[in-house]
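Descriptive analysis of the structure
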Amino acid sequence: MRNTRRPMAALLTKVVLGTALAASLSGCFGLIVGAGVAGAVSTVDRRTLGAQTEDKSITVKAELEMRKVTGDAGNVNVTSFNRRVLLTGEVRDEAMKQAAEREVRKIANVVSVINELAVSGSSSYTSRSNDALITTKVKTSLVDMKTVSAISFKVTTERGVVYLMGLVTPREGNIAADVAKGVSGVTRVVKIFEYINEEDPRVRQNSPAQASLD
């Protein structure tokens with residue numbers, strides 16, 4: 001009997017990533033992804049289900065706090081992965097930058113904060129649109145790679161700088177960074193990975209080999 005597991009895994013990966021890519025420019029991922037696809041994402045995510053749930057909660061709480069901290073004087077983007085929070089965007093001054101980080105650290109279950117906020121005026125709509133396009137290009141390029149599992153990476157772009165997060169092996173991290181550097185418009189790549197080894201069951205669980213077509 002023909003093994004259908006790998007073709008199904010490939011289809012799942014394409015559906016999940018395709019939906020995410022389509023939503024990255026519109027910001028409507030939560031409205032587009034149905035319960036079935038959301039469940040599928042959870043099964044291939046290398047984070048525990050608890051960590052995935054906490055990341056969503058952390059993001060919502062942090063975004064609410066950032067509005068209180070910055071008002072109309074800043075634009076803070078929050079990305080939480082495995083309870084590690086990345087702050088990107090722009091704030092009015094150094095005091096506001098530190099206040100933003102301080103408030104996020106108070107949120108329950110936050111393990112660490114990576115503060116990449118720039119002290120400058122808010123970026124333009126054109127700049128944000130370009131960042132969204134770069135993010136999409138990086139994700140698409142990772143999907144095209146046959147040696148890494150694209151769904152294991154979280155990609156964020158701010159002013160042409162690409163931030164890569166994920167539970168990955170050093171090999172996967174280096175490949176992803178090289179892929180991102182090759183995308184037009186990228187000025188710098190910052191790796192914010194948590195490293196696991198090649199023997200980790202989570203690596204085999206959603207490896208490219210399982211997601212390849214026969």
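What counts, and at which threshold
Residues numbered from 1 in each chain as written. Predicted model: local features only at pLDDT ≥ 70, side-chain atom pairs only at ≥ 80, totals over all residues. Heavy atoms only, no water. Helix = DSSP H or I, 4+ residues; strand = E, 2+ residues; numbered from the N terminus. Contact = heavy atoms within 4.5 Å. Areas by Shrake-Rupley, 256 points an atom, 1.4 Å probe, with all protein chains shown as cover. Pairing = 2+ DSSP bridges. Axes fitted to C-alpha atoms, helices over the stretch in contact; angles between N-to-C directions. pLDDT = per-residue confidence, 0-100. Phe/Tyr/Trp six-rings, centres within 6.5 Å; stacked < 30°, edge-to-face > 60°. Buried < 20%, exposed > 50% of the residue type's maximum accessible area, 1.4 Å probe, protein only. Core = buried A, V, L, I, M, F, W, Y, C linked by side-chain atoms within 4.5 Å.

Looking at an unreviewed UniProt entry, one finds the protein chain named BON domain-containing protein, with Massilia timonae CCUG 45783 as its source organism.

1. Digging into the overall build of the protein chain
Looking only at helices and strands, the protein chain features eight helices and seven strands. The long-range share in the protein chain, meaning contacts at least 24 apart out of those at least 6 apart in sequence, stands at 69%. In the structure as shown, the protein chain presents an accessible area of about 10,900 Å², 56% of it carried by carbon and sulfur atoms.

2. Examining the sheet that holds strand β7 (residues 188-195)
The mixed open sheet is built from three strands, whose spatial order is β5-β6-β7. Looking at the sheet topology across the chains shown, the edges are occupied by β5 (153-158) and β7. In this sheet, neighbouring strand axes are inclined to one another by 15° on average, regardless of whether the strands run parallel or antiparallel. For β5 and strand β6 (residues 161-168), the ladder comprises six bridges, and the chain directions are antiparallel. Note that in β6 the partner of Phe 153 across the bridge is Gly 166. Set on the sheet, helix α6 (residues 125-144) makes contact with β5 and β6; between it and β5 the angle comes to about 150°. Each of β5, β6 and β7 touches helix α7 (residues 170-181); the most contacted strand, β7, lies at about 160° to it.

3. Looking at unusual backbone geometry
Positive phi values are uncommon outside glycine, yet Asn 82 reaches one of about 55°. Along the chain, Asn 82 turns up in the loop between β1 (74-81) and β2 (84-91).

4. Side note on the confidence of the model for the protein chain
The predicted model of the protein chain has a mean per-residue pLDDT of 85, with 76% of residues at 70 or higher. When the criterion is pLDDT under 50, residues 209-214 qualifies, and its contacts beyond four places in sequence or with other chains add up to 21 contacts.

5. A word on the packing of aromatic side chains
In the structure shown here, the tally under the stated rule is two aromatic pairs. Here the aromatic rings of Phe 153 and Phe 193 are separated by 5.8 Å at their centres, their planes lie at 75°, and the arrangement is edge-to-face. With a gap of 40 residues between them, Phe 153 in strand β5 and Phe 193 in strand β7 connect regions that are remote in the sequence. An identical accessibility class is assigned to Phe 153 and Phe 193; each is buried. Members of the aromatic cluster, joined through ring pairs, are Phe 153, Phe 193 and Tyr 195.

6. What about the nonpolar core?
Counting 19 residues, the largest nonpolar core has Val 138, Leu 142, Phe 153, Val 162, Leu 164 and Val 189 as the members making the most contacts within it. Taken together, the elements giving at least two residues each to this core come down to α6, β5, β6, α7 and β7. For this core, the element with the highest residue contribution is α7, accounting for five residues. Ile 58, Ala 62, Val 91 and Val 113 belong to the second-largest nonpolar core, a separate cluster that totals 15 residues.

7. Examining the pairing of β2
Of all eight residues that make up β2, eight are buried, and the element is covered over most of its length. In β2, alternate side chains face the same way, and those of Arg 84, Leu 86, Thr 88 and Glu 90 on one face and Val 85, Leu 87, Gly 89 and Val 91 on the other are all buried. Of the strand pairs in this sheet, β1 and β2 are connected by eight bridges, and their pairing is antiparallel. If you follow Asn 77 over to β2, its bridge partner there is Thr 88. Hairpin connection between β1 and β2: a loop of two residues separates the two successive antiparallel strands, and Asn 82 in this loop has a positive phi of roughly 55°.

8. Describing the environment of Ile 134
Along the chain, Ile 134 falls in helix α6. Sequence-wise, Ile 134 and Ser 184 are 50 residues apart; in three dimensions their C-alpha atoms are separated by 7.6 Å. With sequence-adjacent residues up to four places away left out, Ile 134 is seen in contact with Thr 157, Gly 160, Val 162, Val 183, Ser 184, Gly 185 and Val 186.

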